[in-house]
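Here's the letter readout for the chains.
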Amino acid sequence: GKSTIPHPIPNLTSTYNRSPQQSLWIENATQYEEKGNYAKALYYYDLYLAQLRESRTTFHPPHNKPVSSDCVAKMTETTEHTKIQIPISYAIEMAWLLHKVGTVRWKTGEYTTSLSPLLEATASLRHLYVNASCEGENRKSYGVGVADILNSIGRIYVSRGECEQARMFFEESYDILKDVCAQSPPDVV
């Protein structure tokens, strides 16, 4: 049977519609990553990342309305002279992919090059988290996703021996999780 690749950002599901080719790249990358062949995994993640970055220029406000029940309908990214409306599903998919790329680079010992994609992923999800216009599961999911990526950044700084930098990212992650958990009382059984 065909395997389904779960979304690694906890409770955050992307509605981004991957093409069959993109799904195959992700499946190959995931399999290589699980086997410890990080070079091959990065090859497939990078193919998908390049295509996602290229597709960003095709988003225009009147044509691409995200199919989503998110609190926020879109992200606005400002380029030199234009504002581009980016569907939430794209922003989540990009954050997920950048997190994967950064994590795999970290696993190969590329501590310097692993930071850039993780910082980019954090910025994207943080925008969604901060601007979520309603309390509830979406805001909570964005917060948990940001916290997960911040923890990955902290681990990179630990690997580099920069414990003070690591602590800052771990503390920010903890603060976000505290905020997210305070939004709704835990379920009582």
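Residues numbered from 1 in each chain as written. Predicted model: local features only at pLDDT ≥ 70, side-chain atom pairs only at ≥ 80, totals over all residues. Heavy atoms only, no water.

Trainee: Please give an account of the nonpolar core that cites residues and values.
Mentor: Residues Tyr 45, Tyr 48, Leu 97 and Tyr 142 are the most contacted members of the largest nonpolar core, which totals 42 residues. Among the secondary structure elements, those contributing two or more residues to this core are helix H1 (20-34), helix H2 (38-55), helix H3 (88-107), helix H4 (111-131), helix H5 (137-159) and helix H6 (163-183). The element best represented in this core is H3, accounting for 11 residues. If we ignore the near neighbours within four places in the chain, the residues touching Tyr 48 are Tyr 16, Arg 18, Gln 22, Trp 25, Ile 26, Glu 93, Trp 96 and Leu 97. (Core = buried A, V, L, I, M, F, W, Y, C linked by side-chain atoms within 4.5 Å. Buried < 20%, exposed > 50% of the residue type's maximum accessible area, 1.4 Å probe, protein only. Helix = DSSP H or I, 4+ residues; strand = E, 2+ residues; numbered from the N terminus. Contact = heavy atoms within 4.5 Å.)

Trainee: Could you give an account of H2, naming the residues involved and the relevant values?
Mentor: The first and last C-alpha atoms of H2 sit 25 Å apart over 18 residues, in line with the 26 Å expected at 1.5 Å per residue. Where H2 is concerned, the buried positions are Ala 41, Leu 42, Tyr 44, Tyr 45, Tyr 48, Leu 49, Leu 52 and Ser 55. Down the axis of H2, the sector holding all buried residues measures 165°, keeping them to one side. Facing away from the buried side of H2, by more than 90 degrees, are the exposed residues Ala 39 and Glu 54. In this structure, the buried side of H2 is in contact with H1 and H3. (Expected span 1.5 Å × (residues − 1). Arc of directions from axis to C-beta.)

Trainee: Would you mind going over the environment of Ser 124 in detail, with residue names and values included?
Mentor: Along the chain, Ser 124 turns up in helix H4. Sequence separation between Ser 124 and Tyr 142 is 18 residues; the distance between their C-alpha atoms is 9.8 Å.

Trainee: Before we move on, could you go through the side chain of Ser 114 and cite the residues and values that matter?
Mentor: Inspection of the secondary structure assignment puts Ser 114 in helix H4. From its side chain, Ser 114 meets the backbone oxygen of Tyr 111 in a polar contact 2.9 Å long. Setting aside its immediate chain neighbours within four residues, Ser 114 contacts Gly 102, Arg 105, Trp 106 and Ile 156. (Polar contact = N/O pair within 3.5 Å; in protein donor to acceptor, adjacent residues only side chain to side chain.)

Trainee: Help me get a handle on the packing of aromatic side chains, residues and values and all.
Mentor: According to the stated counting rule, one finds 4 aromatic pairs in the structure shown. Centre to centre, the rings of Tyr 157 and Phe 169 are 5.6 Å apart; their planes meet at 15°, and the pair counts as stacked. Here Phe 169 lies in helix H6 and Tyr 157 lies in helix H5, a separation of 12 residues in the sequence. Taken individually, Tyr 157 and Phe 169 each receive the classification buried, so the pair is uniform in this respect. Following the ring pairs from residue to residue traces out a cluster consisting of Tyr 32, Tyr 43 and Tyr 44. Over the ring of Trp 96 we find Arg 18, and its NZ or CZ is 4.8 Å from the ring centre. (Phe/Tyr/Trp six-rings, centres within 6.5 Å; stacked < 30°, edge-to-face > 60°. Lys NZ or Arg CZ within 6 Å of the ring centre and 35° of its normal.)

Trainee: Describe the confidence of the model for the protein chain, naming the residues involved and giving the relevant values.
Mentor: Where the model shows low pLDDT, its predicted coordinates should not be examined in detail. The pLDDT averaged across the protein chain works out to 80; a share of 71% of its residues lies at or above 70. Confidence, read as mean pLDDT per element, is least for strand E1 (residues 74-78) in the protein chain (48) and greatest for H1 (95). For residues 60-75, every residue scores under 50 in pLDDT, and the model assigns this stretch 32 contacts once sequence neighbours within four places are set aside. (pLDDT = per-residue confidence, 0-100.)

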